[in-house]
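# Coordinate analysis (summary)
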Amino acid sequence: MAKLYLEKLKCVTAEGWSGFDEPRLVVQDRGTVWNGTVLGDRMYTVKYDCDFTGTIAVSLWEDGGPDRDDRLGKQWITDTPGERSLHFRADGAEYNLLYAVE
């Protein structure tokens, strides 16, 4: 069994025309594990951890704006130990999620 640590989310570019987004992170079988209001070019602390085996999916959604519930991407994390990042880019938004697996 591996342990996943979601550590930080960087909003490189916000989708919203106002300069801020309302992203939420969803982890497979665990639902929303983090959400907030963010500004572009800022880093935010997530601090979520869970056990998993094999692979686990992480999705990033943007809840604000006219489209409501835009999925900015879904990616899979493997149980290979190390520190890594996921890159989400869609609808004009760009995010980096920093995580570690033990």
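In what follows, the accompanying structure is described. (Residues numbered from 1 in each chain as written. Predicted model: local features only at pLDDT ≥ 70, side-chain atom pairs only at ≥ 80, totals over all residues. Heavy atoms only, no water.)

### Structural notes on the overall build of the protein chain
The condition that has to hold: By the criteria applied, helices consist of DSSP H or I runs no shorter than four residues and strands consist of E runs no shorter than two, each listed in order from the N terminus. Computation of the radius of gyration draws on C-alpha atoms alone. For the globule rule, the value is 2.2 Å times the number of residues to the power 0.38. Think of it in three bands: with a 1.4 Å probe and only protein chains considered, a residue is buried below 20% of the maximum accessible area for its type, exposed above 50%, and partly exposed in between. Contact definition: two residues touch when any of their heavy atoms are within 4.5 Å. For accessible areas, the Shrake-Rupley method is used with a probe of radius 1.4 Å. Any residue's cover is judged against the shown protein chains and nothing else. Positive residues here are Lys and Arg, negative ones are Asp and Glu, while His and the chain termini are left out of the count. A charged residue contributes its charge at one atom only: NZ of Lys, CZ of Arg, CG of Asp or CD of Glu.
Of regular secondary structure, the protein chain possesses zero helices and 10 strands. The N-to-C order of helical and strand elements in the protein chain reads β-β-β-β-β-β-β-β-β-β. In terms of overall dimensions, the protein chain is globule-like: its C-alpha atoms have a radius of gyration of 13 Å, near the 13 Å expected for 102 residues. Every one of the 102 residues in the protein chain was classed for burial, and the buried ones make up 40%. The contacts of the protein chain with a sequence gap of at least 6 include a subset with a gap of at least 24, amounting to 55%. Counting every atom, the protein chain has about 5600 Å² of accessible surface; 45% of that belongs to carbon and sulfur. Computed over 12 positive and 18 negative side-chain charges, the separation of the two mean positions in the protein chain equals 3 Å.

### Re the sheet that holds strand 10 (residues 93-101)
The condition that has to hold: Strand pairing is defined by DSSP finding a minimum of two bridges between the two strands. The axes used here are C-alpha line fits, helices contributing only the stretch in contact, and every angle between their N-to-C directions lies in the interval 0 to 180 degrees.
With antiparallel pairing, four strands are arranged side by side in an open sheet as 6-1-10-9. Looking at strand neighbours, the two that pair on one side only are strand 6 (42-52) and strand 9 (82-90), the edges of this open sheet. Put simply, the sheet's adjacent strands are angled 20° from each other on average, direction ignored. In this sheet, strand 6 lies alongside strand 1 (residues 2-13) in antiparallel orientation, the contact comprising nine bridges. Bridge pairing in strand 6 links Cys-11 to Arg-42.

### Brief notes about the pairing of strand 10
With seven of its nine residues buried, strand 10 lies for the most part within the structure. Where strand 1 and strand 10 come together, eight bridges link them in antiparallel fashion. Directly across from Cys-11, in strand 10, lies its bridge partner Tyr-95. Bridge count between strand 9 and strand 10: nine bridges; the pairing is antiparallel. By the bridge assignment for strand 10, Ala-90 is matched with Ala-93.

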